[in-house]
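Spelled out, the chains give:
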Amino acid sequence: MNFSKDCNGMDVKEPDKTLLSSIDFSPEKYVRDLSQHCVGGPELRRLRKKIQNLSEETNNSLKKNVYQNYMQFIDSAKELSHLESEMYQLSHLLSEQKSLLTSLCTTSILADDSMIIRRSENKDENVKEQNQINHEKLASILEKVEGCKELLEVSARTYLYEGPLAELDPLENTVIKNVQAYLFSDGLMIATRNGRGLMKYVFETMYELGSLAVVNVKDLGNIKYAFKILIFPDTRIFKCDSETTKKEWLEKFDHAKKTKLTQDQQKRESVPEKSPSRSISIDSQSLNQFEELEDTVTAHPEWFLEAPEELDVCIAQRHFDDALALLQRVVEYCAHAQQDHVLIEVQRKVDVRHNNLTQVLMKELEISTGKSMQGGLGASRRAVRLLIMLGHSNQACDLFLKLCTYLLKIQYDRTKKEGSITVYVKNLSGIIFTNICHMTEEFLKNFPNSSACCSAYLVWVSAQLSYFSNHFIKRVFKSPISLSNLAECIDLVRWHCQKLCTYGVDLCYQVEGALRTYITKALKDFNDKFVESIKFKALDDNWNPTNLKSKNLLSKCLNEYAEMGLILNSYITGDVWLQITANNMEFSKTFLILLNNCLKLETTELLYAINDTISNVFEAQIKQHELILSEGTKADQKTFVIKNAEFLLTTLMVLCQRKYIEKLGFPCEKLKQIQDKYSSLITVISPTTRDIKTKYSSDQYL
Amino acid sequence: MAKKATVQPALHKVIMVGSGGVGKSALTLQFMYDEFVEDYEPTKADSYRKKILLDGEDVQIDILDTAGQEDYAAIRDNYFRSGEGFLCIFSITEDESFQATQEFREQILRVKNDENIPFLLVGNKSDLEDRRKVTFQEASDRAKQWGVPYVETSAKTREHVDKVFYDLMREIRARKIEEKTVNNGRGKDKNKKKKLKCTIL
């Protein structure tokens, strides 16, 4: 600092972190300043070196930071994926709620939203309710009576009364025919019984209430309960069943007329400019209306008018594609066509067919006991696709998933439970996961663009996996099983879970979470059993070298251990002797198997339990050496025991650590601690053994 | 038609018109059942039928007792259209009801489009002489002007009740016979029409 200040006389700062990381630092300007004020090469070189050092320093700290935060990064990524699936589940719940509410709304008798918005005034509600009831009534009349499309021509038309009547001959007073009469707020409709269909009437005529003269027939010979209708040139006599129905009819007529009158007056008052045309002649006006009506009737193409019937045929013949195409055509047509009563009528009928089609399709997807599931999911594809196109993707998804659940359940039942558990688990997990993968493919094909369905699917997979986990736990953990088999089974399941991830369904953590406690417990059990058997075997141990009886057998043994990674050549004495106890020979073998299995099971969450297990077992074995040494044995035997301890603590331990590092990338701390703890066993010994130790340990590292 | 006539006696359709409360229903009921109903209840539109002997001939009378007040002109027209003869009634105790007969007459003529439609002007409540507001002269002048008979009746005392109905029926019958002869005159046309229809068929 001093140097540069003295040298330049100007204030060019030495490069340091704070300067370089300041916000207003400009490299070009800084370099220019430096080169202006620095004199000579050495000075510049010094500064360059300093900057280089700084850069290296920064690099290192950056690396450190990255490393420190790496675990955190992984953890948060995991946490994020958990959160994601939770959000999916929430979204699924919400969409379920939504569809529930909408279905409630549609099934309710009350119109649209009157159910939800209870706050609206009672009066309004009553009106609405009446409207709805009226609408339903009109619709039912439309269904019953053929050819009364004009019924919906007047939007304000309300249904008032209906009943069967017998029409009489005006001269002879004999019954001509039976009719069904409908009284509306603006007219009387007469429909004659249709001989062909049951409960079907044919529209005969509609009399406008404003010109309908009703006469109470008080006396007509023997004929009772009759009334007359006078509409020029018609005079018609109708007979009721009883005095009360007749009275009812006359009252209804009267009431309807009065209501209409007040309404007309109100209209006249509110639209004064219309009144002159009204006063000209009601007859001509109604004629005009009729003409208008005729015009609009002819405006619609024939296919459109026949669409409801055509749809019935299509649905009955199971030509669902055709039905859907026709439905769409109708919708398109309705969107552009002029709105009139015919259109509304056809639309309403088509709506009914739409619902029918949906019902039929949903039935297709429903699971029934008698139904063959041979076709599997492929058979459901058409129904699902059509339902989606009909706008019922939620229901389709629901039914699709139910079908999947059913198919999976069949697989569970079909998979044979005979044979070993590993074979069963292998079969079952293979079948189940392959099926789930297949279903995922099918699902993605069927529901490519629906987030609600997607979340439903994820929730479904999650449920299926937890079902599978439970099944797995019951089969695997609740029965005696070797650690190798367990490790194999779990490894298999994990592999399958990984495969699911390729479809974007990452639920490994869920399965892992379900199994973790059971694995930990199993490890603890194996640990306890192993330690127990070590103690038991130690009692029988007479601490003698192993006699392999023949050269042949010795070399066979050496090969066997070499394959496991243990080179025992240095322990050979004589032709057939190994300076290791038979007990330790066996221990090293089983311990390596344990280690392999544990490493197979390894996950970050299980690491603690695994470390515990292997270190506990290892310590149990080495402890036997310590015990025998502390008992004060003969010098001869002592050397032998120490040699054995040395075998465990170096040869075996080094191999174990190597395997551990191979798998995890870092040595096992706990094993190291044991090695340190018991190193005194082999350091207190004769120089020969120490030589051997260093020799072998260095060997191992080669 | 001929066959029917043998089975059923000729039917003459009579319509009672007039303002509310003038006694249309009372006259009808007196004629039908020989009884006088004191209580007043506005009529909507009632019809009655009775077999009677008219000058030795069995006939049926169909009486349409209309409402004094009908809000819809179109409905009133339909009542009028169905009638073959009219009893236009007013109360001699109420000038307004007499004035209203003018309007009824015009309406009936408009609807029936026939100046000679069987029609009687009837001044009812003749028993209430002390409360008379419409003089006999006044009423008969109007009847004369229309070219119709004027009769005063009392539904209470049954004075002239049968007379107005029988007189009207005679007019209707006469009118029908007259029409028949006219039709017969035109009978050839009708036959021609029928023949035409046959050839089409």
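Bear in mind the structure is a predicted one, so any value in this text is a computation, not a measurement. (Residues numbered from 1 in each chain as written. Chains lettered and ligands numbered in written order. Predicted model: local features only at pLDDT ≥ 70, side-chain atom pairs only at ≥ 80, totals over all residues. Heavy atoms only, no water.)

Further remarks concern the nonpolar core. All names here are of chain A. One finds Phe-472, Phe-477, Leu-568 and Phe-618 to be the most contacted residues of the largest nonpolar core, which totals 132 residues. In terms of residue count, the dominant contributor to this core is helix α22 (residues 635-664) (13 residues). Shared between two domains, this core holds at least three residues of each, these being domain 3 (376-506) and domain 4 (519-689). The residues contacting Leu-568, other than those within four sequence positions of it, are Leu-558, Tyr-561, Leu-578, Ile-580, Met-585 and Phe-647. (Core = buried A, V, L, I, M, F, W, Y, C linked by side-chain atoms within 4.5 Å. Buried < 20%, exposed > 50% of the residue type's maximum accessible area, 1.4 Å probe, protein only. Helix = DSSP H or I, 4+ residues; strand = E, 2+ residues; numbered from the N terminus. Domains from an automatic or database assignment. Contact = heavy atoms within 4.5 Å.)

For the rest of this paragraph, the subject is the sheet that holds strand β11 (residues 577-578) of chain A. Neighbouring strands of a sheet are bound in pairs by backbone hydrogen bonds; such pairs are parallel or else antiparallel. Residues and elements named next belong to chain A. Strand order across the open sheet formed by three strands is β9-β11-β10, with antiparallel pairing between neighbours. For this open sheet the edge positions go to β9 (546-547) and β10 (572-573), each flanked by a neighbour on one side alone. Bridge count between β9 and β11: two bridges; the pairing is antiparallel. For Asn-547, the partnering residue across the bridge sits in β11 and is Trp-577. (Pairing = 2+ DSSP bridges.)

Turning our eyes to something else, we now look at the interface of chain A and chain B. With 29 residues of chain A in contact, the opposing surface of chain B contributes 22 residues. Between chain A and chain B, roughly 2200 Å² of surface is buried when both sides are summed, and carbon and sulfur atoms account for 54% of that area. Per-residue buried area on chain A facing chain B is highest for Leu-171, Asp-219 and Phe-232 of chain A; these three make up 24% of the total on that side. Summed over the shared surface of chain A and chain B, the number is three salt bridges. (Buried area = accessible area lost by both parts, 1.4 Å probe. Salt bridge = Lys/Arg side-chain N within 4 Å of Asp/Glu carboxyl O.)

With that out of the way, let us pick up the pairing of strand β5 (residues 201-208) of chain A. Residue and element names in this part refer to chain A. Bridge count between strand β1 (residues 145-146) and β5: two bridges; the pairing is parallel. Each residue of the ladder has a partner; that of Val-145, found in β5, is Tyr-201. Taken together, the seven bridges between strand β4 (residues 187-193) and β5 define a ladder with antiparallel strand orientation. Within β5, the residue paired with Ile-190 across the bridge is Thr-205.

A separate point is the pattern of salt bridges. Counting across every chain of the model gives 36 salt bridges over all chains. Linking Asp-62 of chain B and Lys-228 of chain A is a salt bridge whose minimum nitrogen-to-oxygen distance equals 3.1 Å. Taken together, the positions of Asp-62 of chain B in strand β3 (residues 57-66) and Lys-228 of chain A in strand β7 (residues 226-231) put the pair across two chains. Of the residues examined, Lys-228 of chain A reaches a relative accessible area of 7% and is grouped as buried. Linked by salt bridges that have partners in common, Asp-55, Glu-57, Lys-163, Asp-167, Arg-170 and Arg-173 of chain B make up one network.

Residues and elements named next belong to chain A. In the contact formed by helix α10 (residues 307-316) and helix α12 (residues 341-365), the axes pass within 9 Å of each other and the chain directions differ by 10°. The angle between α10 and α12 falls in the class roughly parallel. Two secondary-structure elements touch here, α10 through Ala-307, Pro-308, Glu-309, Leu-311, Asp-312 and Ile-315 and α12 through Val-346, Lys-349, Val-350, Arg-353, Asn-356, Leu-357 and Val-360. (Axes fitted to C-alpha atoms, helices over the stretch in contact; angles between N-to-C directions. Parallel < 35°, antiparallel > 145°, perpendicular 65-115°, else oblique.)

Further remarks concern a nonpolar patch on the surface. Taken together, the side chains of Leu-62, Val-66, Tyr-70, Met-71 and Phe-73 of chain A make up a nonpolar region of the molecular surface, amounting to roughly 540 Å² of accessible area. By secondary structure assignment, the location of Phe-73 of chain A is in helix α4 (residues 41-107). (Patch = residues over 30% accessible without salt bridge, like charges linked within 9 Å, V, L, I, M, F, W, Y side chains within 5 Å. Areas by Shrake-Rupley, 256 points an atom, 1.4 Å probe, with all protein chains shown as cover.)

Now for unusual backbone geometry. All names here are of chain B. Of note in this structure, Asp-55 is not a glycine but carries a positive phi near 50°. Tracing the backbone shows Asp-55 in the loop between β2 (45-54) and β3. Under the relative-accessibility criterion, Asp-55 is labelled partly exposed at 47%. The phi torsion at Lys-125 lies on the positive side, around 65°, for a residue other than glycine. Residue placement: Lys-125 occurs in the loop between β5 (119-124) and α5 (136-146).

All names here are of chain B. When you tally the buried positions in β3, you get eight out of 10 residues, the bulk of the element. Alignment of β2 against β3, held across 10 bridges, turns out to be antiparallel. Bridging from a neighbouring strand, Lys-51 pairs with Gln-60 of β3.

Per the stated rule, a full pass over the model turns up five cavities of 30 Å³ or more. If you trace the largest cavity, you find it lined by Val-215, Lys-228, Leu-230 and Thr-235 of chain A together with Lys-13, Val-14, Ile-15, Ser-47, Asp-62, Leu-64, Ser-82 and Gly-83 of chain B. Elements represented by at least two residues in the lining of the largest cavity include exactly β7 of chain A together with β1 (10-18) and β3 of chain B. Looking at the lining of the largest cavity, the element that brings in the most residues is β1 of chain B, giving three residues. The residue makeup of the lining of the largest cavity, split by class, is five nonpolar, four polar and three charged. The volume enclosed by the second largest cavity comes to roughly 60 Å³. (1 Å grid on protein atoms, 1.4 Å probe; cavity = no way out; pocket = protein on both sides within 12 Å on 5 of 7 lines; lining within 4 Å. Points joined across faces, edges and corners; volume = space filled by probe spheres on them. Nonpolar A, V, L, I, M, F, W, Y, C, P; charged D, E, K, R; others polar.)

Of all 10 residues in helix α2 (residues 24-33) of chain B, eight are buried, a share of seventy percent or more. Phi turns positive one or two residues past the end of α2 of chain B, at Asp-34 of chain B, with a value near 55°.

Here the focus is the environment of Leu-407 of chain A. Among the secondary structure elements, Leu-407 of chain A is positioned in helix α14 (residues 393-414). Between the alpha carbons of Leu-407 of chain A and Ile-367 of chain A there is a distance of 9.8 Å; along the sequence they are 40 residues apart.

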